[in-house]
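This is what each chain is made of:
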Amino acid sequence: MDFPATQPKPPSDGKIICYPPGVKEITDKITNDEVVKRLKMVVKTFMDMDQDSEDEKQQYLPLALHLASEFFLRNPNKDVRLLVACCLADIFRIYAPEAPYTSHDKLKDIFLFITRQLKGLEDTKSPQFNRYFYLLENLAWVKSYNICFELEDCNEIFIQLFRTLFSVINNSHNQKVQMHMLDLMSSIIMEGDGVTQELLDSILINLIPAHKNLNKQAFDLAKVLLKRTVQTIEPCIANFFNQVLVLGKPSVSDLSEHVFDLIQELFAIDPHLLLSVMPQLEFKLKSNDGEERLAVVRLLAKLFGSKDSDLATQNRPLWQCFLGRFNDIHVPVRLESVKFASHCLMNHPDLAKDLTEYLKVRSHDPEEAIRHDVIVTIITAGKRDLSLVNDQLLGFVRERTLDKRWRVRKEAMMGLAQLYKKYCLHAEAGKDAAEKVSWIKDKLLHIYYQNSIDDKLLVEKIFAQYLVPHNLETEERMKCLYYLYASLDPNAVKALNEMWKCQNMLRSHVRELLDLHKQPTREPHAGGGRGVARAPPEPGSGQLWRREIARKLANPKQPTNPFLEMVKFLLERIAPVHIDSEAISALVKLMNKSIEGTADDEEEGVSPDTAIRAGLELLKVLSFTHPTSFHSAETYESLLQCLRMEDDKVAEAAIQIFRNTGHKIETDLPQIRSTLIPILHQKAKRGTPHQAKQAVHCIHAIFSNKEVQLAQIFEVQAIKLLVRWLLGMKNNQSKSANSTLRLLSAMLVSEGDLTEQKRISKSDMSRLRLAAGSAIMKLAQEPCYHEIITPEQFQLCALVINDECYQVRQIFAQKLHKALVKLLLPLEYMAIFALCAKDPVKERRAHARQCLLKNISIRREYIKQNPMANEKLLSLLPEYVVPYMIHLLAHDPDFTKPQDVDQLRDIKECLWFMLEVLMTKNENNSHAFMKKMAENIKLTRDAQSPDEPKANEKLYTVCDVALCVINSKSALCNADSPKDPVLPTKFFTQPEKDFCNDRDYISEETRVLLLTGKPKPTGVLGAVNKPLSATGRRPYIRSTGSETGSNISVNSELSSPAEQSSDISETGVSENDENPVRIISVTPAKTETVKNKEINSDQAMQGNSTERGKKRTAAASGTENIHQKPEEKVDETGPAAPPKPRRGRPPKSESQGTTAKNDEANKPPGRGRKRAAGSQEGPGGLEASNAKAPKQQDIAKKPAPAQRQIDLQR
């Protein structure tokens, strides 16, 4: 403020003014600059003085009075006024406690003058700021303003001081400035008699939100001032609120309309400031004015809900009164109460118990907004910290998911979804929190059962964004889906499946709609597409209709384009955001980890079995809704593993997945097809009813030759049906067993292809052969059917153990052993094991030997423990297997030339395979008994062909080989037999009295070769061991015995060698002790590498460990062995050797005549010895690589194949 210049007057007492040394008189006749210069020296003098300088005090007293004159107090120069104010402040300091000014008016003017100068503190960058700060510091330190308490109108000075200080404070001031201001104002409040309302208003006005936002430093200054003076100022504050709230006198202050804001701020500053005010608020809560109650509720909500507030515990009556407002009749009051609960739950979890009951009532409030806010309150607190909301509060939200209003339902569902994502997916609060909200996923999916389309759409959105977020990486997303599906309850699973199906249906509708768009000239589609949009009503208007839609999509006339929104909505629903080929592959890998036991199933709270089963069910549903995503070899390989699991449900689900997704397997994935077919057949035959049904459906859906595939299943099952029916009848009165046996024999003769139209695969033929052989063996277990099984049928059944398919041989041997061990089969069937000596796989021969040991041991033990068994020695005594074995070997299709040394070697190996086990012990002179049986057989004839010399010759030759072996292996065989053996009349005729057969059917040289196994002539060895010049032939070195096991395929698929590599045919094997060689013929069209197999099982001779030098025979009757003259050459340019004849029927007798030969000349070769060919790379392994190869000259001499129907009518 600028004042008019006045002349300085001398002091009224007439004393002469004494200036400090060097300071001239200060008058109005000098310039302002000179006045300032002289005043600075005066200021310096007063600054250096202290209260103890009595002489100086008296000396400068006239100067002090002179400085308070009007000339200085109203001087227009601000520098002069500042220097005068500093001098006056020092004068009050020096002359304290008494001021040199006695006039009250003068004191008032001086202090108002000093207060006005304090406004200079506002500009901290001013050059004079330090002098202003000095002024403030001096006033605060001396408490100069306390002198004003003696003045009647001191309140005016204080109000002006407070307002000045609050107005000048700003963020550029340091802590010292604020401290001096506080000291100055607090001394006035605390040392005065009281605080007037005007002075209180000057403080409180800085707390009002409007002023608070304008000057934050003034608010902070007032806040600290109130805290420092709380005890002194609290009665004044209480009086103010009492006047306004209770007495209703708003005129007492201009701040009356801001009373609730002030209460909130004062409570935040220090609750003790409102100790006397809170009871007054309880009175206001019960006001009849709804708006007034609403204002108080808003205030108390902030007071109770503030973080550090303990008002609820300190003032329980007020708290209980406030809770009563949750049930207020006024809707805004209830709404405000509910909103408060969120902050209260977050800041005061201990009050949750009090709030729960009131929130429960409000969750059923008739007002939609209140129910909505109850949900928001609980969810907000839950997202902050799940421990803040108890299960009961979450239950309120759960109930509101079924609210009648969509807005409430949506808020409840979205809130629960957010909690699930936060605590279950992200696991932000640990396992306990995840367990607490684990029910949310089920509840949300249950809502899909509601009829409202809004609910369904929201569930789809929640699933894509919260339950299984689509923005996760593929592996993480599938892991989330995998364990979510495994942990859902059955109803939730059904809902999720239905959701996917609805989306799939919508995709099909959109696809149909797009198809309509591609056909603009056609009439509206009457079928599909109705689920998305109705077709145009008039033919021909469809094009205009679509153009109109396109126009509106491109040029919207309103801010929100409904057509564009519809398209976006459709795309959101039909887009497979979760599932694609990569996702399915990741899902299958997760399931494989569960199968292997390497997954984190237990950590996810799911057992491995549950995870596997749920994973298969999930894949089954996805295979229906997203079939194209499954089409990869990796996915199908994993599903094949599931098909082989023992769990019926898992296998059934895997079959259904193949059924839904495998439409292109046959054309695109042949390897999967070849593996899948036998598994489906096995499930159709031996699986549960559901598996069988699904397997048939799967075959029908996937394969083009479904009729053939299904026929093979039904054929095998038909065979089993016939056998079971016959076993149930247990009689042959209807002769049904005879026709059945003829059918089974014909199936074996035709190699499994009864129609001989070559429409059946090799693997299926193998299954049918196995089924036929097993059926005959099953019927033989019933005595009434055993009697009608002819020797020819028995021999056909026995030859199954030499089948070309490894699995056929393996399974047939297992079934044979199982029935023999239980003594269910007649003794003659044990002779079949002798043919296992021809098996090219070492492990199969070892298995057969173990089976023989077990069977013989059981039979001998049974005879010892059962005395009555002596009456049935013919069917129990193991040694009685010898005549059956001799007869079976005599009718071996490979045994065609009784004098052929190689064939005799085979016979000798088969005989020794059985005799070695029988001759382990010489119990009851059994060696002599077996020798006697062989000798007696030579005195009989072959009951199967008694009048055929060649058949009898072969029988006697086998007997001589047997006698040769027995004599060479046992020195005790020459003893007398304990009893005369009985020969089975079914195979041998009764000996004739005058018949004597003392002829030796094998020469001495042959005996030596058979017993010693000496090398063959060098000419033959040279021919075999040197590289062959024939087209397509090359030598193969036989693998060692240690390699045998690793080269054997034990796949469950029953496939013949020809199916895997039909272009490769084995032509021969020659081996000796030094240079074993395998010779294989390969057609030029196929040059696959042929694996090597160990062929021979070295059997120890007595005192001799010589290896066998025998060659296995793979040719049928009439085949010559490889021994030829050295000068004979192989025609290199000639055609490849014809396929070797199959084993399956005895050699054709000479009595059939040439006519039959001519008739059959053009037919394919008949069934020969079923031996695994060396070229087999399929499940059968490389088994029969030791078969001999006839040269072309010998092949030309072979007789034509025998008739298909052997004498089955016998």
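Along each chain, numbering runs from 1 in the same order as the chain's sequence is written. Predicted model: local features are reported for residues with pLDDT of at least 70 only, side-chain atom pairs are reported and counted for 80 or more only, and whole-chain, interface and lining totals are derived from all residues. The basis for every side-chain value is the complete set of heavy atoms in the structure, and neither hydrogens nor water enter the calculation.

If you look the protein up in an unreviewed UniProt entry, it shows as PDS5 cohesin associated factor A from Crocodylus porosus.

## Details of the overall build of the protein
Using the following cut-off: Here a helix means four or more residues in a row that DSSP labels H or I, a strand means two or more in a row labelled E, and each is numbered from the N terminus. Only protein chains enter the calculation, and the probe is 1.4 Å; a residue is then buried if its accessible area is under 20% of its type maximum, exposed if over 50%, and partly exposed in between. Contact criterion: two residues are considered in contact whenever any of their non-hydrogen atoms come within 4.5 Å of each other. Under the convention used here, a 1.4 Å probe and the Shrake-Rupley method define accessible areas, while residue burial counts only the protein chains that appear.
Secondary structure assignment for the protein yields 54 helices and five strands. When the 1210 residues of the protein are sorted by exposure, 53% land in the buried category. Here the contacts in the protein between residues at least 6 apart in sequence split such that 74% fall between residues at least 24 apart. Accessible surface computed for the protein: about 55400 Å², of which carbon and sulfur atoms make up 50%.

## Let's talk about the state of the cysteines
Working definition: the covalent bond between the sulfur atoms of two cysteines is a disulfide. What counts is decided by this rule: Note on disulfides: each one is a pair of cysteine sulfur atoms within 2.5 Å.
Inspection of every chain in the model, using the stated rule, returns zero disulfides. No disulfide involves Cys148; its sulfur sits 7.0 Å from that of Cys154, the nearest cysteine. Residue Cys424 stays outside any disulfide, its sulfur separated by 9.8 Å from that of Cys480, the closest cysteine.

## Notes on the nonpolar core
Heads up, the rule is: Working definition of a nonpolar core: buried Ala, Val, Leu, Ile, Met, Phe, Trp, Tyr and Cys residues. They are joined through side-chain atoms within 4.5 Å.
Within the largest apolar cluster, 230 residues are counted, with the highest numbers of intra-cluster contacts made by Leu88, Tyr145, Phe241 and Phe658. Here the element with the most residues in this core is helix 5 (residues 78-94); it accounts for 12 residues. Setting aside anything within four residues of it in sequence, one finds Phe241 in contact with Val246, Val259, Leu262, Ile263, Leu266, Leu274, Val277 and Gln280. In terms of nonpolar packing, the next biggest core, distinct from the first, is built from 98 residues, Leu770, Ala772, Val965 and Tyr1001 among them.

## A word on the pattern of salt bridges
To be explicit about the condition: Counted as salt bridges are all cases of a side-chain nitrogen of Lys or Arg within 4 Å of a carboxyl oxygen of Asp or Glu.
In this structure the tally under the stated criterion is 40 salt bridges. Note that Asp153 and Lys108 form a salt bridge whose closest N and O atoms lie 2.6 Å from each other. With Asp153 in the loop between helix 7 (129-142) and helix 8 (154-168) and Lys108 in helix 6 (residues 104-117), the pair connects residues that are 45 residues apart, well separated along the chain. A relative accessible area of 33% places Asp153 in the partly exposed class. In this structure, Asp647 and Arg613 form a salt bridge, with 2.6 Å as the shortest nitrogen-oxygen distance. Here Arg613 lies in helix 32 (residues 608-625) and Asp647 lies in the loop between helix 33 (633-643) and helix 34 (648-661), a separation of 34 residues in the sequence. Within the structure, one salt-bridge network assembled from shared partners comprises Glu70, Arg74 and Lys106.

## Brief notes about helix 15 (residues 278-285)
Just so we agree on the cut-off: To obtain the arc, one takes the directions from the helix axis to the C-beta atoms.
Among the residues making up helix 15, those that are buried are Met278, Gln280, Leu281, Lys284 and Leu285. Take helix 15 and look down its axis: the buried residues cluster within an arc of 150°, on one side only. On the buried face of helix 15, the contacting elements are helix 13 (230-246), helix 14 (259-269), helix 16 (290-305), helix 17 (311-314) and helix 18 (316-323).

## Quick word on unusual backbone geometry
At Lys143, a residue that is not glycine, the phi angle is positive and equals roughly 55°. Along the polypeptide, Lys143 turns up in the loop between helix 7 and helix 8. By relative accessible area, which is 36% here, Lys143 ends up partly exposed. Unlike most non-glycine residues, Leu823 shows phi in positive territory, near 60°. When you line up the elements, Leu823 lands in the loop between helix 43 (806-821) and helix 44 (842-865).

## Thoughts on the environment of Lys212
The criterion, for reference: Pairs of N or O atoms within 3.5 Å make up the polar contacts considered here, provided that, within protein, one atom can donate a hydrogen while the other can accept it, and that residues adjacent in sequence are counted only when both atoms are side-chain atoms.
Here Lys212 is to be found in helix 11 (residues 209-214). Residue class for Lys212 comes out partly exposed when judged on its relative accessible area of 24%. Discounting residues that sit within four places of it in the chain, Lys212 has contacts with Asn206, Leu207, Phe219 and Glu265. Within the structure, Lys212 has its side chain in polar contact with the side chain of Glu265 (distance 3.4 Å).

## Quick notes on the side chain of Asp942
This is how it is decided: For this count, His and the chain ends are skipped, Lys and Arg are scored as positive, and Asp and Glu as negative.
Relative to the helices and strands, Asp942 is located in the loop between helix 48 (926-937) and helix 49 (949-969). One buried charged residue, Asp942, remains without a salt bridge, the closest side chain of opposite sign being Lys954 at 7.9 Å. Side chain to side chain, Asp942 and His891 meet in a polar contact 2.4 Å long. Not counting the four nearest positions on each side in its chain, Asp942 is found in contact with His887, His891, Ala951, Asn952, Leu955, Phe987 and Thr989.

## A short note on the packing of helix 1 (residues 32-48) against helix 5
The cut-off we apply is this: What counts as an axis is a line fitted to C-alpha atoms, over the stretch in contact for a helix, and the angles between N-to-C directions run from 0 to 180 degrees. What sets the label is the angle itself: under 35 degrees gives roughly parallel, over 145 gives roughly antiparallel, 65 to 115 gives roughly perpendicular, and the rest give oblique. Whether a crossing is left-handed or right-handed is set by the direction in which the near helix is turned from the far one by less than a right angle, anticlockwise for left-handed and clockwise for right-handed. Throughout this entry, Asp, Glu, Lys and Arg are counted as charged residues, while Ala, Val, Leu, Ile, Met, Phe, Trp, Tyr, Cys and Pro are counted as nonpolar. The remaining residues, Gly among them, count as polar.
One can describe the packing of helix 1 onto helix 5 by two numbers: an axis separation of 9 Å at closest approach and a directional angle of 20°. Comparing the axis directions of helix 1 and helix 5 gives the class roughly parallel. Of the two possible hands of crossing, helix 1 and helix 5 adopt the one that is left-handed. Side by side, helix 1 and helix 5 meet where Val35, Val36, Leu39, Lys40, Val42, Val43, Phe46 and Met47 of the first sit next to Asp79, Val80, Leu83, Val84, Cys86, Cys87, Asp90, Ile91, Arg93 and Ile94 of the second. In terms of residue class, the contact of helix 1 with helix 5 is built from 14 nonpolar, no polar and four charged.

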